[in-house]
Amino acid sequence: MGRRGNFNPDRRTFLEGVAILGGGATLGTLLPSWAATVAQGATPAMPTLAGDDIKLLVGHTRVSIEGKATHAVTINGTVPGPLLRLKEGQRVRIAVTNTLDEDTSIHWHGLLVPPEMDGVPGVSFPGIRGGETFVYEFPLLQSGTYWYHSHSGLQEAVGHYAPIVIEPAHRDPVQSDREHVIVLADHSEMHPHVVFKRLKQQGGVFNHQRQTIAGLLAGEDQSPAERAEWARMLMDPTDISDVTGAVMTFLVNGHGPNDNWTGLFRPGERVRLRFINAAAQMIFNVRIPGLKLTVVAADGQNVRPVEVDEFQIGNAETYDILIRPAEDRAYTLVAEAVDRSGMGRATLAPRPGMTAEVPPLRKRPLATMKDMGMDMSGHAHGAGHDMSMDMRDPANAPQIKMGPAVQMISPMPMDRSGEPGLGLEDAGHRVLVYTDLVALERNPDTRAPSRALEIRLTGNMERFTWGFDGWKYSEGPPPYAFRSGERVRITLVNDTMMTHPIHLHGHFFELLHAPVGHLPRKHTVNVLPGGKVSYDVTAEEGDWAFHCHMLYHMHGGMFQVFKVRAAEGGAT
Amino acid sequence: MKRMIFLALLTGLPPMPVVAQDPHAGHVMPPPKPPAEETGTGAAQPVGNAPPPASIVDSAVDQIYGTTPMDRARGILAEEHGGRPVSKVMANILEYADADGGSGYRWDLEAWYGGDIHRFVFKTEGEGVGSDGATIAETQALYSRAVGRYTDVQAGLRYDLEPEGRAYATVSVESLLPYWFEVEAAAFLSDRGDAFGRLEASHDLRFTQRLILQPRVELELAAQDVPESSIGSGFSSAELGLRLRYDVRREFAPYVGVNFEWLLGQTAEFARAAGADDEEASFVMGLRAWF
């Protein structure tokens, strides 16, 4: 492959791009060609950024979504930014120039890079100030589907994200005839700082699917008794997603549902779809009616193939899917918002301009007692009227700093990694669950963990404040400390009613349901409400960000640092 | 079947690629051990009880980038992860009122600024008759502290502009009670040594996603007779409002409604003695808005 990228943006081309847009050109001219409205398929021959020296320019750009001009913070002038197509074993230098009047940064999500190259201002490096250029340099130790995005402010919510594909150094065990990168995202006309402020100002402000008296009279949703019980506990079962389709447009490769991004195939081809959920706050349910989806990789790591009809993808997760559309027809790719408040939509077709039926949104799910960590199905006794007392017992998690930021403490959290995610329990077809995932390759570390650590995911939905073990990061919690090379079993317990996709930088979590040696490795794990997830991790030296990948939860305080030091150096 | 074919493709796997040897990489991968306990799951592996390491306070990258730029970035990091103050300005009541005794207007506004725990709160409420100046105008400046999941305690000063200039020390509690009742209880001690109390409660009845009926009650009480203000000790007045609003947006909701007010006890006696009504019903229309 070529050593130089065939798209080498310098300041002049960037400025020309802005000028063209200002002159009224459509977004199509500014999209990278792999994401143009009719994509021919992302192959190495296509214009992407490749090679050992890459230049990226972060700036303000007006982009068009469904014909409406909107503000974006972009990488090289497009949303998403350019696909980086790299090769395992390569050493890459990436110069990032910031043309904003505020700091920016790029984090290489899922890449095992040296800690000082990880891109989190205040943890890994000082950030990139306006007008400055920072040169990242690191070797590529892995292959697969990843992505990169800002770790500054709320820039990620307005377009500062892009995909990465790293080809394996040797033959790819996943063979396909063509592939498409599918970047899912959400976009709001409302400035992200205003979105956050609204969430703080009024609980459930964007939820327009609440239970109503009209619904009660129509026999919908909860029974009167259930409504009363939930109201007594000040819990809203319709609070599935903080930010909804009421203020969001859901994007596939930068395109709204009506833009209808289209990926081409020839009937009979084996097509690899590389899904990345780059959304700030939305979890998606993904399906392609008429096609089976064979999951071959999760978070960039190959897994033993699993055939499903649908999968839920949390923020920052990636899944590689193989499909084999045999018929000469179009298929709709549906990325339905988890709260069913909207969908991202694209088309896979043999020829441009074709469409297929778009299925209607399914009914929005309701949270259940299980989502409060109170699954009573296995407990004939105990379901009673003292529940509110038990719902916040500090004895169940002594490490939690109690206070107004801790709304509840799950009294009976259960491992929900065998569940498909909120609202998909009765989808009527096979939905991927974490326990389906088994690593294809052998794990690099198969030791048993030397100790265990439980971390509670805490928050208060009414105050829209979020944290770990009761701490917002701004309150200066003690960092989680580890010895370099030690293997630790971490259990995350979700003490909130929202799903949290938790991401650890610089590491892979290894989920425990699979045979030793083939634990699936993930950089981001969805922890369902009232649920818990355990995984083993081998600590890598350095300081690493650990946070919820829902941007507004992170911005509300759900962020921490894992500090890992050599065992002999004072960390005993 | 397809899956079988696919699995067959996987059999020709190359050996695990040897990753680039790079001293800069920083990723120390322990060498893989030969397969031993492949039968069990990861969950079945025993977990040791090694003690956690001592707390770590130093930064791993300060020596590379320098402490000064890192300190600046750490300040931004903390602010962007839970430390950003927020504000809200809300007109809960901003209305025209039509009663037998004539028309008038009324407001009840609140603004706050601060973090999750500590906030500065400004409140004002009052009313007027016709298009004249206000007959009642009250302001409060308070420090607010979150003390519970749903409860804030506030303390500060109240100053009345009308009917006469008067200052009070104020303590109040705002809370969200089970079944989604918003309540506020306040105590006031005036610069003349008189003590008063106020209780407010409201609830949103959601007919549809946007059509919402808000019943609201307010009780005023006094610890002593204050004849010059025509207030008697005990409960002095009660109010019930029913406001039906339409959320054009959550932050912009016009409403119509009715409001009933009763003077109670000795206060009612004072009113009757002065030839005034001791109860009033009014039709209201107004705006509930916030930003």
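For the structure, check the block above.
Remember, predicted model here, so these are calculated numbers, not experimental data. (Residues numbered from 1 in each chain as written. Chains lettered and ligands numbered in written order. Predicted model: local features only at pLDDT ≥ 70, side-chain atom pairs only at ≥ 80, totals over all residues.)

Chemist: Would you explain the overall build of chain A in this entry?
Modeler: When its secondary structure is counted, chain A shows six helices and 32 strands. For chain A, the residues scored as buried account for 62% of the 572 residues in total. Sequence separation of at least 24 residues holds for 77% of the intrachain contacts in chain A that already meet a minimum separation of 6. (Helix = DSSP H or I, 4+ residues; strand = E, 2+ residues; numbered from the N terminus. Buried ≥ 20, exposed ≤ 12 C-beta atoms within 10 Å, placed from the backbone. Contact = placed C-beta atoms within 7 Å.)

Chemist: Which parts of the structure should I look at to understand helix α3 (residues 67-83) of chain B?
Modeler: Side chains of residues three or four places apart in an α-helix project in the same direction, reflecting 3.6 residues per turn. Residue and element names in this part refer to chain B. Those residues of α3 lying buried are M70, A73, L77, E80, H81 and G82. The buried residues of α3 occupy one face: seen down the axis, they fall within an arc of 145 degrees. Along α3, the residues that are exposed and aim more than 90 degrees away from the buried face are T68 and G75. (Arc of directions from axis to C-beta.)

Chemist: What am I meant to see in the sheet that holds strand β10 (residues 178-187) of chain A here?
Modeler: Within a sheet, neighbouring strands are paired by backbone hydrogen bonds and run either parallel or antiparallel to one another. Residue and element names in this part refer to chain A. Judged by pairing direction, the sheet is mixed, and its six strands sit side by side in the order β11-β10-β13-β18-β15-β16 without closing on themselves. At either end of the open sheet lies a strand with only one pairing partner, and these are β11 (249-252) and β16 (301-308). Taking each pair of neighbouring strands and ignoring which way they run, the sheet shows an average axis angle of 25 degrees. Two strands pair when backbone bridges link them, and β10 and β11 are joined in this way by four bridges, in the antiparallel orientation. Across the sheet, residue D186 finds its bridge partner in β11, namely F250. (Pairing = 2+ DSSP bridges. Axes fitted to C-alpha atoms, helices over the stretch in contact; angles between N-to-C directions.)

Chemist: What is the right way to read the environment of G268 of chain A from this model?
Modeler: By the element assignment, G268 of chain A lies in the loop between β12 (261-264) and β13 (271-277). In this structure, the C-alpha to C-alpha distance between G268 of chain A and D328 of chain A, residues 60 residues apart in sequence, is 8.8 Å.

Chemist: Can you help me understand the interface of chain B and chain A in this one?
Modeler: Accessible area lost when the parts come together is the quantity often used to give the size of an interface. With 78 residues of chain B at the contact, the number on the chain A side is 93 residues. Element by element, the count of residues in the side of chain B that touches chain A is highest for α3 of chain B, at 13 residues. Partitioned by chemical class, the residues of the side of chain B that touches chain A number 46 nonpolar, 17 polar and 15 charged. (Nonpolar A, V, L, I, M, F, W, Y, C, P; charged D, E, K, R; others polar.)

Chemist: When you look at the pairing of strand β2 (residues 102-114) of chain B in this model, what are you seeing that I'm missing?
Modeler: Residues in a regular strand point their side chains to alternate faces of the sheet. Residues and elements named next belong to chain B. The pairing of strand β1 (residues 86-99) with β2 spans 13 bridges and is classified as antiparallel. Residue pairing for β2: S87 is matched across the bridge by Y113. The hairpin turn running from β1 into β2, its antiparallel successor, is two residues long. With 11 bridges connecting them, β2 and strand β3 (residues 118-129) associate as antiparallel partners. By the bridge assignment for β3, A111 is matched with F122.

Chemist: What is the right way to read the pairing of β13 of chain A from this model?
Modeler: Residue and element names in this part refer to chain A. Extensive coverage of β13 is indicated by the burial of seven of its seven residues. Residues V271, L273, F275 and N277 point to one face of β13 and R272, R274 and I276 to the other, with burial holding for every one of them. With seven bridges joining them, β10 and β13 adopt parallel strand pairing. Note that in β13 the partner of L184 across the bridge is N277. The pairing of β13 with strand β18 (residues 318-323) spans six bridges and is classified as antiparallel. The residue of β18 that forms the bridge with R274 is D320.

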